[in-house]
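Coordinate inspection notes
Chain by chain, the residues:
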There are 2 protein chains.
Amino acid sequence: MASAPTRRGRRPGSPDTRSAILAEARSLFAAQGYAGTSVRAVAAAAGVDAALVHHYFGTKDDLFLAALELPVDPRQLVAPVVEGGPEGAAERFLTVFLSAWDDPAIRPSLLAVARAVMDPAGSKLLSEGFLPVVIQPVGVALGLDRPEHRMTLVASQVVGIILLRYVLAVEPLASMPRDQVVATYAPTLQRYLTGPLP
Amino acid sequence: MASAPTRRGRRPGSPDTRSAILAEARSLFAAQGYAGTSVRAVAAAAGVDAALVHHYFGTKDDLFLAALELPVDPRQLVAPVVEGGPEGAAERFLTVFLSAWDDPAIRPSLLAVARAVMDPAGSKLLSEGFLPVVIQPVGVALGLDRPEHRMTLVASQVVGIILLRYVLAVEPLASMPRDQVVATYAPTLQRYLTGPLP
């Protein structure tokens, strides 16, 4: 068990402490980005010891994802994409990604996250949080050359799909069967992942 | 000159009247979409005659674009794209589009428009305004099959470029030379315009 000096008098281990840590993490990650936020700074803002933050949330990556309140851990979601190697990765990625978004139990939470990370006011959540923590590691794990470059191109198409199909519900994309969406975008994403690029 | 009954007592032809019409147009287009908003309804909301709205702003399309306060008329911008025909249209479109966005005199206004049309609260501006008024006509003018379908795919990639390169300034896309951005995305957009699609 972690020690927990409670500068503001909160009891360690209470639900209040846990949600206070999450609230401070969310606001620091949004304001200062992933790289600019330390577990120590989150702990200080919440008035607890850094060890308590680790006890509750694990690593800084885990804390970041917890702060986003995702309904699924995207790292588990993309694991099968990575395991299959670069060949066909775009199709597997789109299938996994669209299945999560098309699930009515999951979509509302994903919509809330998408609005938060696309909001210019919270822009560091995407550019300095979601991309380096969730997206770029996929490119590295797949062994791509220029993983950051390629995964940013992937992200530029994926956010457009999210925005038009799910957030704004633009037709005919909003009602397009999932298989057709996968078949439409897989060649684009596969070129961004493994094709020749300027 | 149009006649101008001023129900709320505004003087016809004053700058006040013009900006009142624009403000009402903006709020009606945002709330009810392009199709759901008539010039007559805008005129009534602003307390003027429909003829005065036409006198100031021209057609309903013109009024819509004026309400967006675009620094350039996108229909003039895409004219050379359309004139060249479907072959190479993606590269010409990207060149014209990125030149406007990369112009420091124009970018701030485009950013403001992008934020408005991508905002879920103002979502009808994109899905029921910008797409049918500006984007879909390009597909029709190019003589594409399934123009609405193809231009929606184009839009799904273009909004991603806008969001990552300009709104959120995600690297390496934000600093990538324009030629490289064009060469990167032209094959994607050309396939959406004229390639085989599922």
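Predicted model only: the values in this text are computed from it and were never measured. Along every chain, residues carry numbers that run from 1 in the direction the sequence is written. Starting at A for chains and at 1 for ligands, labels are handed out in the order in which the entities are written. Only residues with pLDDT of 70 or above have their local features reported here, since the model is predicted, and side-chain atom pairs are shown and tallied only from 80 upward, although totals for entire chains, interfaces and linings are computed over all residues. Side-chain metrics rest on all non-hydrogen atoms present in the structure, leaving aside hydrogens and water.

**Notes on the interface of chain A and chain B**
- A contact between two residues is defined here by any heavy atoms of the two lying within 4.5 Å. The interface of chain A with chain B comprises 38 residues on the first partner and 38 residues on the second.
- Accessible area that two parts lose when put together, with a 1.4 Å probe and added across both, is what the buried area reports. For the pair chain A and chain B, the summed buried area comes to about 3,000 Å², and 70% of that belongs to carbon and sulfur atoms.
- Take a side-chain nitrogen of Lys or Arg and a carboxyl oxygen of Asp or Glu: if they are within 4 Å of each other, that pair is a salt bridge. On the surface where chain A and chain B come into contact, there are zero salt bridges.
- For the purposes of these results, a polar contact is taken to be a pair of N or O atoms within 3.5 Å, where, inside protein, one atom must be able to donate a hydrogen and its partner to accept one; residues adjacent in sequence count only when each atom of the pair is a side-chain atom. The tally of links from chain A across to chain B stands at 14 residue pairs in polar contact (both at pLDDT 80 or more).
- Here a helix means four or more residues in a row that DSSP labels H or I, a strand means two or more in a row labelled E, and each is numbered from the N terminus. Those elements giving two or more residues to the side of chain A that touches chain B turn out to be helix H7 (107–118), helix H8 (124–141), helix H9 (147–167) and helix H10 (178–194) of chain A.

**Considerations on the packing of helix H1 (residues 15–32) of chain B against helix H4 (residues 60–68) of chain B**
Residues and elements named next belong to chain B.
- Note on geometry: axes are lines fitted to C-alpha atoms, helical ones only across the stretch in contact, with angles between N-to-C directions running from 0 to 180 degrees. Here H1 crosses H4 at 95 degrees, and the two axes come no closer than 9 Å. Viewed along their axes, H1 and H4 adopt a mutual orientation that is roughly perpendicular. Residues Ile21, Leu22, Ala25, Arg26 and Phe29 of H1 pack against Lys60, Leu63, Phe64, Ala66 and Ala67 of H4.
- The nonpolar class holds Ala, Val, Leu, Ile, Met, Phe, Trp, Tyr, Cys and Pro. Asp, Glu, Lys and Arg form the charged class, and all remaining residues, Gly among them, are polar. Partitioned by chemical class, the residues of the contact of H1 with H4 number eight nonpolar, no polar and two charged. For this classification, under 35 degrees means roughly parallel, over 145 means roughly antiparallel, 65 to 115 means roughly perpendicular, and everything else is oblique.

**Quick word on the relation of the copies chain A and chain B**
- Of the transformation superimposing chain A on chain B, the axial component is 0.0 Å and the angular component is 180 degrees, with the fit at an RMSD of 0.1 Å. Such a combination of rotation and displacement between the chain copies is what one expects of a two-fold axis. When the copies are superposed, the least-squares fit draws on C-alpha atoms of residues that have pLDDT of at least 70 in both.

**Topic: the packing of aromatic side chains**
- Note on aromatic pairs: the rings of Phe, Tyr and Trp (six-membered ring only in Trp) are paired at centre separations within 6.5 Å, and the planes decide the class, stacked below 30 degrees, edge-to-face beyond 60, tilted for the rest. Tallying each qualifying case throughout the model produces 12 aromatic pairs over all chains.
- Look at Tyr192(A) and Tyr185(B): their rings are 5.8 Å apart centre to centre, the planes differ by 80 degrees, and that puts the pair in the edge-to-face class. Here Tyr192(A), found in helix H10, pairs with Tyr185(B), found in helix H10 (residues 178–194), and the two come from separate chains. No difference in accessibility class separates Tyr192(A) from Tyr185(B), as the two residues are buried.
- Measuring from ring centre to ring centre gives 5.7 Å for Phe93(B) and Phe97(B), while their planes differ by 15 degrees; the resulting arrangement is stacked. Here the residue Phe93(B) and the residue Phe97(B) both occupy positions in helix H6 (residues 89–102), the gap between them amounting to four residues, near one helical turn.
- For Phe93(B), a relative accessible area of 14% gives the class buried.
- By relative accessible area, which is 9% here, Phe97(B) ends up buried. Using a 1.4 Å probe on the protein chains alone, a residue whose accessible area is under 20% of its type maximum counts as buried, one over 50% counts as exposed, and one in between counts as partly exposed.

**Looking at the pattern of salt bridges**
- Summed over the entire model, instances satisfying the criterion amount to 12 salt bridges over all chains.
- Between Arg107(B) and Asp102(B) there is a salt bridge, and its shortest N-O distance comes to 3.7 Å.
- We classify Arg107(B) as partly exposed; its relative accessible area is 29%.
- A salt bridge links Arg165(B) to Asp102(B); the nearest nitrogen and oxygen atoms lie 3.2 Å apart. Of this pair, Arg165(B) sits in helix H9 (residues 147–167) while Asp102(B) sits in helix H6, and the two are 63 residues apart along the sequence. Grouping residues by exposure puts Arg165(B) and Asp102(B) together as buried.
- Here the residues in one salt-bridge network are Asp102(A), Arg107(A), Arg165(A) and Arg178(A), joined through shared partners.

**Topic: H10(A)**
- Here H10(A) contains 17 residues, and its C-alpha end-to-end distance of 23 Å stays within 8% of the 24 Å for a straight helix at 1.5 Å per residue.
- The largest bend in H10(A) comes to about 40 degrees, at Ala186(A), with the proline Pro187(A) one to four residues further on.
- All of the buried residues in H10(A) are Val181(A), Val182(A), Thr184(A), Tyr185(A), Ala186(A), Thr188(A), Leu189(A), Gln190(A), Arg191(A), Tyr192(A) and Leu193(A).
- If you follow the buried residues of H10(A), they end up packed against helix H6 (89–102) and H9 of chain A together with H9 and H10 of chain B. The span expected for a helix works out to 1.5 Å for each residue beyond the first. A residue's bend is given by the angle between axes fitted to the 7 residues ending at it and the 7 residues starting at it.

**A short note on the packing of H9(A) against H9(B)**
- Here H9(A) crosses H9(B) at 120 degrees, and the two axes come no closer than 7 Å. In terms of their interaxial angle, H9(A) and H9(B) are classed as oblique. Seen along the crossing, H9(A) lies across H9(B) with a hand that is right-handed. Between H9(A) and H9(B), the residues in contact are Thr152(A), Ala155(A), Ser156(A), Gln157(A), Val159(A), Gly160(A), Ile161(A), Leu163(A) and Leu164(A) and Thr152(B), Ala155(B), Ser156(B), Gln157(B), Val159(B), Gly160(B), Ile161(B), Leu163(B) and Leu164(B), respectively.
- By residue class, the composition of the contact of H9(A) with H9(B) is 10 nonpolar, eight polar and no charged. Handedness of a crossing is defined here by the sense of rotation of the near helix relative to the far one, left-handed for an anticlockwise turn of less than a right angle and right-handed for a clockwise turn.

This is a description of form; function is not addressed.
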